[in-house]
Amino acid sequence: MKKSTGILLGVLGAVLVLVIAVVGWGVSAYNGLVDAEQQVHTQASQIETQLQRRSDLIPNLVNTVKGYAAHEEEIFTALADARAKLSGASSLEEMDEANGELTSALNRLMVVVENYPDLKANQNFVALQDELAGTENRITQARRDYNDAVQEYNVRVRRFPSNLIAGMFGFEQAALFESDEGASSVPEVSF
């Protein structure tokens, strides 16, 4: 009897160790998914922060240009409308669409600036243009960091055996930040 009790306790101990190991792995996998998902949200927030920074620079740029090109009201209106749309965006997709409109309006503003040599030499305008260029670089980096975080998260969601935990707790793949349609085509410039 004592021998069978010892075997039974050994089997129960082994099962208990196995259960503890599986539960420990499950908790670790779940926490890893939570961390990766949070990193995706953090990087999305960085994109939003940089887009807001750019949006905040634009009124100063517009006011500087207005002094030289007051008759270019259509471009100023387009910039204001695009900024308002960006400020009201609630999702990454809406922000991306509004950002595209803002970029288009900024590009039209820069074409107007080419017609005013005095403006291009204005120190305030040059400083704002440099600040805007730096912000564009930050936006690009924030998008790259976001996509890196999404890739890491999506791999965790799909890789076995963590995909079992992801499926049980509703972790779904995140969308990559993709460039606008036509971004790979060369823009046409005419004078």
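Since we're looking at a predicted model, the values are computed, not measured.

Undergrad: Sorry if this is basic, but what is going on with the overall build of the chain here?
TA: Along the backbone of the chain there are 6 helices and 0 strands. Going residue by residue from the N terminus, the α and β elements of the chain occur as α-α-α-α-α-α. With respect to the principal axes defined by its C-alpha atoms, the chain has extents near 100 × 30 × 25 Å. Across the 191 residues that make up the chain, the buried fraction comes to 31%. Contacts spanning at least 24 positions in sequence make up 74% of the contacts within the chain whose residues lie at least 6 apart. Charge separation in the chain, taken as the distance between the mean sites of 15 positive and 26 negative side-chain charges, equals 12 Å.

Undergrad: Hey, could you run me through the packing of aromatic side chains in this one?
TA: Two measures describe an aromatic ring pair: the distance that separates the ring centres and the angle between the ring planes. Overall, the coordinates contain 2 aromatic pairs when judged by the stated rule. With a centroid separation of 4.8 Å and 65° between ring planes, the pair formed by Tyr-30 and Phe-169 is classed as edge-to-face. With Tyr-30 in helix α1 (residues 2-66) and Phe-169 in helix α6 (residues 162-169), the pair connects residues that are 139 residues apart, well separated along the chain. Relative to Phe-171, the ring of Tyr-30 has its centre 5.6 Å away and its plane inclined at 70°; by these criteria the two rings are edge-to-face. With a gap of 141 residues between them, Tyr-30 in helix α1 and Phe-171 in the segment after α6 connect regions that are remote in the sequence. Tyr-30 sits in the partly exposed class, given a relative accessible area of 31%. The structure contains a cluster of three or more aromatic residues connected by ring pairs, namely Tyr-30, Phe-169 and Phe-171.

Undergrad: Explain the environment of His-41 here, please?
TA: With respect to the element layout, His-41 can be found in helix α1. Given the relative accessible area of 47%, His-41 is considered partly exposed.

Undergrad: How should I be thinking about unusual backbone geometry in this particular structure?
TA: In most cases, non-glycine residues show a negative phi, while peptide bonds are predominantly trans. That bond from Phe-160 to Pro-161 is cis: its omega, 5°, falls within 30 degrees of zero. Position of Pro-161 among the secondary structure elements: in the loop between α5 (123-158) and α6.

Undergrad: I tried to follow the packing of α1 against helix α3 (residues 92-113) on my own but got confused; where do I start?
TA: Helix-helix packing is described using two parameters, namely the angle between the two axes and the distance between the axes. The interhelical angle for the contact between α1 and α3, taken along N-to-C directions, is 30°, at an axis separation of 12 Å. Classified by the angle between their axes, α1 and α3 sit roughly parallel to one another. The handedness of the crossing between α1 and α3 is left-handed. Contacts from Glu-48, Leu-51, Arg-54, Ile-58, Leu-61 and Val-65 in α1 reach Met-95, Asn-99, Leu-102, Thr-103, Leu-106, Leu-109, Met-110 and Val-113 in α3. For the contact of α1 with α3, the class distribution of residues is 10 nonpolar, 2 polar and 2 charged.

Conventions adopted
Residues numbered from 1 in each chain as written. Predicted model: local features only at pLDDT ≥ 70, side-chain atom pairs only at ≥ 80, totals over all residues. Heavy atoms only, no water. Helix = DSSP H or I, 4+ residues; strand = E, 2+ residues; numbered from the N terminus. Buried < 20%, exposed > 50% of the residue type's maximum accessible area, 1.4 Å probe, protein only. Contact = heavy atoms within 4.5 Å. Lys, Arg positive; Asp, Glu negative; His and termini not counted. Charge placed at Lys NZ, Arg CZ, Asp CG, Glu CD. Phe/Tyr/Trp six-rings, centres within 6.5 Å; stacked < 30°, edge-to-face > 60°. Axes fitted to C-alpha atoms, helices over the stretch in contact; angles between N-to-C directions. Parallel < 35°, antiparallel > 145°, perpendicular 65-115°, else oblique. Left-handed = near helix turned anticlockwise from the far one by under 90°. Nonpolar A, V, L, I, M, F, W, Y, C, P; charged D, E, K, R; others polar.

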